[in-house]
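Working through the structure, step by step
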Amino acid sequence: MSGDFLALAQPGVQQLSPYVPGKPVDELARELDLDPAMIVKLASNENPLGASPKALEAIRAELAELTRYPDGNGFALKSLLAEQCAVQLDQVTLGNGSNDILELVARAYLAPGLNAVFSEHAFAVYPIVTQAVGAQARVVPAKDWGHDLPAMLEAIDSNTRVVFIANPNNPTGTWFGVDALNEFLQDVPEHVLVVLDEAYIEYAEGGELPDGLEFLSAYPNLLVSRTFSKAYGLAALRVGYGLSTAVVADVLNRVRQPFNVNSLALAAACAALKDTDYLAQSRRLNEVGMQQLQDGFRELGLGWIASKGNFIALDLGQVAAPVYQGLLREGVIVRPVANYGMPNHLRITIGLPAENTRLLEALTKVLARG
Ligand SMILES: *Cc1c(COP(=O)(O)O)cnc(C)c1O
């Protein structure tokens, strides 16, 4: 038997493309011989504020215990989350980033012969976790770049076990409101687990976006996933969480790696959760930066997709790859999204005011060159 280990991979894996992250600063610095300090990275929806000083302090305090395994049950963090989210402790699942939660869902509920439904232009991790377990990805065409929830309902069949919806969605920034979510949840068959990915929910002002937590008690087939990677500024530590019924949490706990969240991440997340000033500052900075970028795009005569995240998809009206390359040469890293079916767009993370200015200046220069 031939040892073609690509052909031997299970079919769903053969059809996958690896996740493409934003270009790291050091990589660009190496490639173009630039000073890393001069590079602006607006490519991975990271919090430009830097981590909360309280989170850093908590990490330092935890260093003395590095020789010990972390608390595999994450009691302290789960307790804080349960209190803040008004759920019971046994409804909380902690993940190595919220991507881990998505993967736990796939491993527990999907298999060959079963399928997951999600939207075109949705988060790249949904196809990865779905196909990794040999399940079928049912991709529903988007509507005005956003989720077409009625069409997604239609795509559900008796073999569907999971629907992934992101609100707001990444990379489009599009969102749906309370009524749309309510109607959707009412009509989703009871055997389908709805994963409502709220990675950016902390950026929303009150009432702009539905709060998934408010639907948990009415819908036992709902799981809400959230993360400390974005508004809480802890992307490097990898910590996120899922909120669901205790039954679903118990199932996810069975397939979870015993120590999936490390001790520094647990300590930092607890501190970050209590640092409400940091969160408010993140939100304010995002609002100001979003306005700054939109004003700049308008002056350049460029369009964009309205966004409720900490990022915005800029529409260049032409293939965006050369502009992406031009920006790199100016020391500005943004995110190409052709692999999301959006070849004319670039996804730009909202940065500090000075970083946004650098982006706009670089963009002006690159576009002028033609
Ligand atoms: C960034 C992001 C996540 C979070 O990933 P982590 O694993 O928590 O860092 C989840 N979903 C979406 C849609 C995202 O954009």
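None of these values were measured; they are calculated from a predicted model.

Procedures and definitions
- Residues numbered from 1 in each chain as written.
- Predicted model: local features only at pLDDT ≥ 70, side-chain atom pairs only at ≥ 80, totals over all residues.
- Heavy atoms only, no water.
- Helix = DSSP H or I, 4+ residues; strand = E, 2+ residues; numbered from the N terminus.
- Rg over C-alpha atoms; globule rule 2.2 N^0.38 Å.
- Buried < 20%, exposed > 50% of the residue type's maximum accessible area, 1.4 Å probe, protein only.
- Contact = heavy atoms within 4.5 Å.
- UniProt positions renumbered as here; feature names shortened; annotations may be inferred.
- Domains from an automatic or database assignment.
- Buried area = accessible area lost by both parts, 1.4 Å probe.
- Salt bridge = Lys/Arg side-chain N within 4 Å of Asp/Glu carboxyl O.
- Axes fitted to C-alpha atoms, helices over the stretch in contact; angles between N-to-C directions.
- Parallel < 35°, antiparallel > 145°, perpendicular 65-115°, else oblique.
- Left-handed = near helix turned anticlockwise from the far one by under 90°.
- 1 Å grid on protein atoms, 1.4 Å probe; cavity = no way out; pocket = protein on both sides within 12 Å on 5 of 7 lines; lining within 4 Å.
- Points joined across faces, edges and corners; volume = space filled by probe spheres on them.
- Pairing = 2+ DSSP bridges.
- Right-handed = clockwise from strand over helix to strand, strands pointing away.
- Near = heavy atom within 4 Å.
- Polar contact = N/O pair within 3.5 Å; in protein donor to acceptor, adjacent residues only side chain to side chain.
- Areas by Shrake-Rupley, 256 points an atom, 1.4 Å probe, with all protein chains shown as cover.
- Nonpolar A, V, L, I, M, F, W, Y, C, P; charged D, E, K, R; others polar.

Before going further, it helps to spend a moment on the overall build of the protein chain. Helices and strands together make up the secondary structure of the protein chain, namely 13 helices and 13 strands. For 370 residues, the compact-globule estimate of 2.2 N^0.38 gives 21 Å, and the protein chain sits close to it at 21 Å. Along the first, second and third principal axes, the C-alpha atoms of the protein chain reach 55 × 55 × 50 Å. Out of the 370 residues belonging to the protein chain, those deemed buried represent 51%. Intrachain contacts of the protein chain at a sequence separation of at least 6 include 73% that bridge at least 24 residues.

The next point concerns the UniProt feature "modified residue: N6-(pyridoxal phosphate)lysine" (unreviewed entry) in the protein chain. Residues annotated by UniProt as "modified residue: N6-(pyridoxal phosphate)lysine" (unreviewed entry) correspond here to Lys-230. Position of Lys-230 among the secondary structure elements: in the loop between strand 7 (222-227) and strand 8 (240-243). On the basis of relative accessible area, Lys-230 is assigned to the buried category, the value being 13%.

For the rest of this paragraph, the subject is the domain arrangement of the protein chain. Partitioning the protein chain into structural domains gives domain 1 (21-50 + 277-369) and domain 2 (53-274). The interface is formed by 23 residues belonging to domain 1 together with 24 residues belonging to domain 2. Taken together, both faces of the contact between domain 1 and domain 2 bury some 2,100 Å²; the carbon and sulfur share is 63%. Together, Arg-283, Lys-308 and Tyr-340 form the three largest contributors to the area buried by domain 1 at its contact with domain 2, with a combined 34%. The tally of links between domain 1 and domain 2 comes to one salt bridge.

A few words now on the packing of helix 12 (residues 321-329) against helix 13 (residues 353-369). Taken N-terminus to C-terminus, the directions of helix 12 and helix 13 make an angle of 120°; their axes are 9 Å apart at the nearest point. As judged from the angle between their axes, helix 12 and helix 13 are oblique. In this structure, helix 12 crosses over helix 13, and the sense of that crossing is right-handed. Mapping the contact onto sequence places Val-323, Gly-326 and Leu-327 in helix 12 and Leu-359, Ala-362, Leu-363, Val-366 and Leu-367 in helix 13.

Scanning all chains against the criterion turns up one cavity of 30 Å³ or more. Of the volumes computed, that of the largest cavity is approximately 40 Å³. Taken together, Glu-46, Asn-47, Pro-48, Tyr-203, Ser-282, Leu-285, Asn-286, Asn-310, Ile-350 and Gly-351 make up the full set of residues lining the largest cavity.

What follows is about the pattern of salt bridges. Counted according to the given criterion, the structure contains 12 salt bridges. When the shortest N-O distance is used, the salt bridge between Glu-31 and Lys-23 registers 3.1 Å. Among the charged side chains, a salt-bridge network with shared partners connects Lys-23, Glu-27 and Glu-31.

With that settled, the discussion passes to the pairing of strand 4 (residues 136-140). Alignment of strand 3 (residues 115-119) against strand 4, held across five bridges, turns out to be parallel. Across the sheet, the residue bridging to Ala-116 is Ala-137, located in strand 4. Taken together, strand 3, helix 6 (residues 125-132) and strand 4 constitute a β-α-β crossover, and its handedness is right-handed.

Within the structure, the ligand sits among Gly-97, Ser-98, Asn-99, Phe-123, Asn-170, Asp-197, Ala-199, Tyr-200, Thr-227, Ser-229, Lys-230 and Arg-238. Between an oxygen atom of the ligand and a main-chain N or O atom of Ser-98, the distance comes to 2.7 Å. In the environment of the ligand, an oxygen atom lies 2.7 Å from a nitrogen or oxygen atom belonging to the side chain of Asn-170. Contact with the protein chains hides 95% of the accessible area of the ligand, taken as 390 Å² for the molecule alone. A breakdown of the residues in the shell around the ligand according to their chemical character gives three nonpolar, six polar and three charged.

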